[in-house]
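Survey of secondary and tertiary structure
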Amino acid sequence: MRWAGTAVVILALANATQTAPSIHVEARARSVQPGELVVLTMTTSGEASAVRVRAFDRDLSPYRSGAREWQALVGIDLDASISTHRVSIEADIDGRTERTGYDLAVQPKRFPTRSLQVDEAFVNPPAAVTDRIAREARALAALWAAPSPERLWTGPFIRPVPQSTNSAFGTRSVFNGQPRSPHSGADFLSPAGTPVKAPNSGRIVLARDLYYTGNSVVIDHGLGLFSFFAHLSTIDVHEGDQVRTGDVLGLVGATGRVTGPHLHWTLRASGARVDPLSLLALLGESAER
Ligand SMILES: [Zn+2]
C-alpha cells in the first residue's frame, strides 16, 4: 500500500565538504519542516564502538544498524525555528574520536487553523480540576524525560487502525473561539469500537484516564521514541505491560476533549512532537528502505 504525498527523499549532502571522510552521513525525510522525522544514517570507515549525535540542544540515542552503520531518529519539533540547525556527530573509531556534522535547513510550513466546538469544561476548565491537569502534565513530562535506554521497537511500524487521517497534524486549534496549543498528533477517522493496535513493540508506561485526552495509552518504544494514543473508549493494557507489534491496546472512543469518535496518535522523538505519518513513511511497512 502506498500513501499519497509521503514520498521519501534522500537529502542531498549539501554540506559534504564539512563531512569528514571517516563518517559518511545520509538523511532520509519526507521534507525538512516542522513536525517531520529525519532518519540519519552514519556509515563509518571502521567499526565504531560508540556514536554520539546531538541536535536541537539534545543528545539523541543512535543505534547500530549494521557492522559499520548507525542510525539516529531526529525529530523536528512542531515549533522548531525556521533556520539551519546543526546536527553534531561523533564516532569512536579505533580509539580515535572522529567528528562531523549535518546541517538541517528547516523550511517553513503553513499549518491551517481549525475551529471546533467542544464542552466548555475542556476550554476553560473549572478550578476543581486545575490541580489534576497540572499533575497530569507533570506526569507526561516525566515520562518523556526518562525513555528506555534500550531500543524496544523492531521491524517496520504499522498503522494502529486501517482508517485514514484528516491531516490535522500541526493545525492551530481554536476551541469555542479561543486559540489553544497546536494539534500535535494525527487524527484517524475510525468509528467507535475499532481495535487500536500497537504500531510497534515497547513497554506501556501510561494506561489511564487523563483530563484532556480521555482514556490514554503511552508506549515507550525506547531511545526517546514514544507513541501516545488518546480518546479510547476502553483500555486493554496495563502500565508495565510489554506489547508487540499488532497487540490490541484498546478500542477507539470519544473520551476527553473531542467532537466525536476518532483515534489521536502523537509521536515523540527525543522530545520533539512529530507527525506519526512521517514515521510510517520512513520506517513503516511500505517504506522504501
Ligand atoms: Zn487529535
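Residues numbered from 1 in each chain as written. Predicted model: local features only at pLDDT ≥ 70, side-chain atom pairs only at ≥ 80, totals over all residues. Heavy atoms only, no water.

Describing the coordination of the zinc ion
- Protein ligation of the zinc ion involves His183 (NE2), Asp187 (OD) and His264 (ND1), the donor distances falling in the range 2.1 Å.
- Read in sequence order, the donor residues coordinating the zinc ion give the pattern H-x3-D-x76-H. Pair noted here: Asp187 is in strand β13 (residues 186–188) and His264 is in strand β20 (residues 263–269), with a separation of 77 residues, a long-range link. Residue Asp187 shares its accessibility class with His264, and that shared class is buried. (Donors = N, O, S within 2.8 Å, 3.2 Å for Na, K, Ca; no water. Helix = DSSP H or I, 4+ residues; strand = E, 2+ residues; numbered from the N terminus. Buried < 20%, exposed > 50% of the residue type's maximum accessible area, 1.4 Å probe, protein only.)

With respect to helix α1 (residues 130–145)
- Between its first and last C-alpha, α1 extends 23 Å over 16 residues, near the 22 Å set by a 1.5 Å rise per residue.
- For α1, every residue scored as buried is listed here: Glu136, Leu140, Leu143 and Trp144. One side of α1 holds all its buried residues, which, seen down the axis, span an arc of 95 degrees. Away from the buried face of α1 by more than 90 degrees, exposed residues Asp131, Arg138 and Ala145 are located.
- Tucked into the core, α1 has its buried residues touching β15 (202–210), β16 (214–222), β17 (225–235) and β20. (Expected span 1.5 Å × (residues − 1). Arc of directions from axis to C-beta. Contact = heavy atoms within 4.5 Å.)

Considerations on the nonpolar core
- In this structure, Leu73, Val196, Ile204, Leu225, Leu249, Leu263 and Leu279 are the most contacted members of the largest nonpolar core, which totals 34 residues.
- Sorting elements by how many residues they give to this core places helix α2 (residues 276–283) first, with five residues.
- Those residues in contact with Leu263, other than ones at most four positions away along the chain, are Pro160, Val161, Ala186, Asp187, Phe188, Val196, Phe229, Ala230, Leu232 and Val252.
- In this structure, Val74, Val87, Tyr102 and Val106 belong to the second largest nonpolar core, which totals 25 residues. (Core = buried A, V, L, I, M, F, W, Y, C linked by side-chain atoms within 4.5 Å.)

As for the packing of aromatic side chains
- All chains considered together, the criterion is met by seven aromatic pairs.
- With 5.1 Å between their ring centres and 65 degrees between their planes, Trp144 and Phe226 make a pair best called edge-to-face. You can see Trp144 sitting in helix α1 and its partner Phe226 sitting in strand β17, a full 82 residues away along the chain. No difference in accessibility class separates Trp144 from Phe226, as the two residues are buried.
- Site record: aromatic cluster; members linked through ring pairs are Tyr63, Trp153 and Phe157. (Phe/Tyr/Trp six-rings, centres within 6.5 Å; stacked < 30°, edge-to-face > 60°.)

Thoughts on α2
- Within α2, eight of the eight residues are buried, which leaves it mostly tucked inside the rest of the structure.
- Along α2, the positions that sit buried rather than exposed are Pro276, Leu277, Ser278, Leu279, Leu280, Ala281, Leu282 and Leu283.
- Two or three places before Leu277, at the start of α2, stands the capping residue Asp275, its side-chain oxygen 2.9 Å from that residue's backbone nitrogen. (Polar contact = N/O pair within 3.5 Å; in protein donor to acceptor, adjacent residues only side chain to side chain.)

Quick word on the side chain of Arg28
- Mapped onto the elements, Arg28 comes out in strand β2 (residues 23–29).
- Within polar-contact distance, the side chain of Arg28 engages the backbone oxygen of Leu282 at 3.3 Å.

Brief notes about the environment of Val74
- By secondary structure assignment, the location of Val74 is in strand β7 (residues 69–75).
- Remark: the alpha-carbon pair of Val74 and Trp144, spanning 70 residues in sequence, is separated by 15 Å.
- Not counting the four nearest positions on each side in its chain, Val74 is found in contact with Glu36, Leu37, Val38, Leu40, Ala55, Phe56, Leu60 and Leu104.

Some points on the pattern of salt bridges
- On inspection of all chains with the given rule, the structure shows 17 salt bridges.
- Linking Asp59 and Arg54 is a salt bridge whose minimum nitrogen-to-oxygen distance equals 2.9 Å.
- The partner of Asp103 in a salt bridge is Arg86, with the nearest N and O atoms 3.0 Å apart. Of this pair, Asp103 sits in strand β9 (residues 96–105) while Arg86 sits in strand β8 (residues 84–93), and the two are 17 residues apart along the sequence.
- Here Asp103 falls in the partly exposed class, since its relative accessible area comes to 27%.
- Among the residues examined, Arg86 registers a relative accessible area of 40% and is labelled partly exposed.
- Linked through salt bridges whose partners overlap, the residues forming this network are Arg30, Glu36, Lys109 and Asp275. (Salt bridge = Lys/Arg side-chain N within 4 Å of Asp/Glu carboxyl O.)

With respect to the sheet that holds strand β5 (residues 58–59)
- Reading across the sheet, the four strands line up as β5-β4-β8-β9 and stay open at both edges, with antiparallel pairing between neighbours. Because the sheet does not close on itself, it has two edges, and the strands there are β5 and β9.
- As defined by bridge partners, strand β4 (residues 48–55) adjoins β5 across two bridges and the pair is classed as antiparallel. Along β5, the bridge assignment pairs Ala55 with Arg58. (Pairing = 2+ DSSP bridges.)

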